[in-house]
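Descriptive analysis of the structure
As a plain string of letters, each chain reads:
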Amino acid sequence: MKILKIFLIIYLLVNFSQLKSDEKNSELKNSILKNIRCLICQGQSVYDSESDFASSIKLIVNKKINEGMSEEKIYEFLREKYGDWVIYDPELNKNTYILWLLPLLLFLVGGAIMRKNLIFKK
Amino acid sequence: MKNKINIIIIFIFLIFCFIIFYKGLDKPNTYTPKTNTEKNLPIFKAKDFTLNTYINSENVFIEESYYIVNIWASWCVPCRKEHPLLMELSSDQSIKLIGLNYRDNLNNAKKFIDELGNPYTQILIDKDGTLAVEFGAYGVPETFLIDKNKRIIKKFTGPINKKIVEEIKIIVK
């Protein structure tokens, strides 16, 4: 009876860790899918879309996660196939410098103008 | 003087915004990935359409010749339109055509081939569309030209036309 209890506890522990790992993979999968643009839909992520393209991408992402591929590697794989556009969150490179730096530049210029005006008013 | 400088700065900024938005108007709101970038051929395993057995990609692209990978489906109307041109290309001995049957019903696909002819040296089944993703396709039909070094050198989105056929013939010559 005692042995049976020990086996039952081990069985539950193994299954619980498996469930935890599945849950973690599912969260990772969803966060990746929400960051991938559906190329044939307008303004929809792969996560939100039910198109053929989106369902193929969902299968591919699932497969890559199960193979142990990291989030960054999956994005790299998709970028190689479809270009930077496929990822909602573009990385900083020579094509995206303006995209990343222009808002910062405008913020700094705006801040400087406001500061100057405030000092001038004082 | 200071006011003039401010007006000039605002004017330049407005012109800059105008140019960006004006340029944006010309661009289509659907995205087309670059078609001229060279890519390595993906490594994959797929089911053969006629033999119904699995085959590795290295056993598909075995010969030292140009290959064309055409993604098609029986439910795809533009595929029907481009089919005669694929038949024309298949008569060129320097090109081998590989068909990738995309998310299709096997019986319908067989009927399609029986009705319109088979331009392909081999047809692979892509039941869930994942193989098309490995090639970087996002729709159907799409056609990829593969050189003798087994690199994807060109991609044609949508049905091929006479002009594309001529372009392919010039490349493989």
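Provided above is the structure to which this section pertains.
Predicted model, so just to flag it, every value in this text is computed and none were measured.

1. Let's talk about the state of the cysteines
- By the definition in use, this model includes two disulfides over all chains.
- Two residues, Cys 38 of chain A and Cys 41 of chain A, share a disulfide whose sulfurs are 2.0 Å apart. Linking Cys 38 of chain A and Cys 41 of chain A, the disulfide has an S-S dihedral of approximately 50° and is accordingly described as right-handed. One exposure class covers both Cys 38 of chain A and Cys 41 of chain A, and it is buried.
- In this model Cys 76 of chain B forms its disulfide with Cys 79 of chain B; the gap between the sulfur atoms is 2.2 Å. Between Cys 76 of chain B and Cys 79 of chain B, the S-S torsion sits near 90°, and that sign places the bridge as right-handed.

2. What about the nonpolar core?
- In terms of nonpolar packing, the biggest core is built from 47 residues, with Phe 61, Phe 135 and Ile 168 of chain B touching the most fellow members.
- At six residues, strand β4 (residues 66-72) of chain B tops the list of elements feeding residues into this core.
- Beyond its immediate chain neighbours, meaning those up to four positions away, Phe 61 of chain B contacts Leu 41, Phe 44, Tyr 67, Val 69, Ile 98, Phe 135, Ile 146 and Lys 150 of chain B.
- Judged by nonpolar contacts, the second largest core, of 22 residues, contains Ile 32, Leu 33, Cys 41 and Tyr 75 of chain A.

3. Side note on a nonpolar patch on the surface
Residues and elements named next belong to chain A.
- On the surface, a nonpolar cluster with roughly 1,000 Å² of combined accessible area is contributed by Leu 92, Tyr 97, Ile 98, Leu 99, Trp 100, Leu 101, Leu 104, Phe 107 and Leu 108.
- Looking at where Tyr 97 falls in the secondary structure, it is placed in helix α4 (residues 97-121).
- Judged by its relative accessible area of 45%, Tyr 97 is partly exposed.

4. What to know about helix α3 (residues 71-82) of chain A
Residues and elements named next belong to chain A.
- For α3, which comprises 12 residues, the first-to-last C-alpha distance of 16 Å matches the rise-based estimate of 16 Å (1.5 Å per residue) to within 8%.
- Listing the buried residues of α3 in full gives Ile 74, Tyr 75, Phe 77, Leu 78, Arg 79, Lys 81 and Tyr 82.
- Gly 83 sits one or two residues past α3 and shows a positive phi near 90°.

5. Considering the packing of aromatic side chains
- Taken as a whole and judged by the stated rule, the model has 11 aromatic pairs over all chains.
- Ring geometry for Phe 44 of chain B and Phe 61 of chain B: centres 6.4 Å apart, planes at 85°, overall edge-to-face. Residue Phe 44 of chain B is located in the loop between β1 (39-40) and β2 (45-48), and its partner Phe 61 of chain B is located in the loop between α2 (57-60) and β4; the two are separated by 17 residues in the primary sequence.
- You can call Phe 44 of chain B buried: its relative accessible area is 7%.
- Residue class for Phe 61 of chain B comes out buried when judged on its relative accessible area of 6%.
- Centre to centre, the rings of Trp 72 of chain B and Tyr 120 of chain B are 5.9 Å apart; their planes meet at 15°, and the pair counts as stacked. Taken as a pair, Trp 72 of chain B in strand β4 and Tyr 120 of chain B in the loop between α4 (106-116) and β6 (122-126) lie far apart in primary sequence, 48 residues in all. Each member of the pair, Trp 72 of chain B as well as Tyr 120 of chain B, carries the same accessibility label: buried.
- Joined through ring pairs, the aromatic side chains of Phe 44, Phe 61, Tyr 67, Phe 135 and Phe 144 of chain B make up one cluster.
- Residue placement shows Arg 37 of chain A over the ring face of Trp 85 of chain A; its charged tip is 3.9 Å from the ring centre.

Definitions and limits used
- Residues numbered from 1 in each chain as written.
- Chains lettered and ligands numbered in written order.
- Predicted model: local features only at pLDDT ≥ 70, side-chain atom pairs only at ≥ 80, totals over all residues.
- Heavy atoms only, no water.
- Disulfide = S-S within 2.5 Å.
- Buried < 20%, exposed > 50% of the residue type's maximum accessible area, 1.4 Å probe, protein only.
- Core = buried A, V, L, I, M, F, W, Y, C linked by side-chain atoms within 4.5 Å.
- Helix = DSSP H or I, 4+ residues; strand = E, 2+ residues; numbered from the N terminus.
- Contact = heavy atoms within 4.5 Å.
- Patch = residues over 30% accessible without salt bridge, like charges linked within 9 Å, V, L, I, M, F, W, Y side chains within 5 Å.
- Areas by Shrake-Rupley, 256 points an atom, 1.4 Å probe, with all protein chains shown as cover.
- Salt bridge = Lys/Arg side-chain N within 4 Å of Asp/Glu carboxyl O.
- Expected span 1.5 Å × (residues − 1).
- Phe/Tyr/Trp six-rings, centres within 6.5 Å; stacked < 30°, edge-to-face > 60°.
- Lys NZ or Arg CZ within 6 Å of the ring centre and 35° of its normal.

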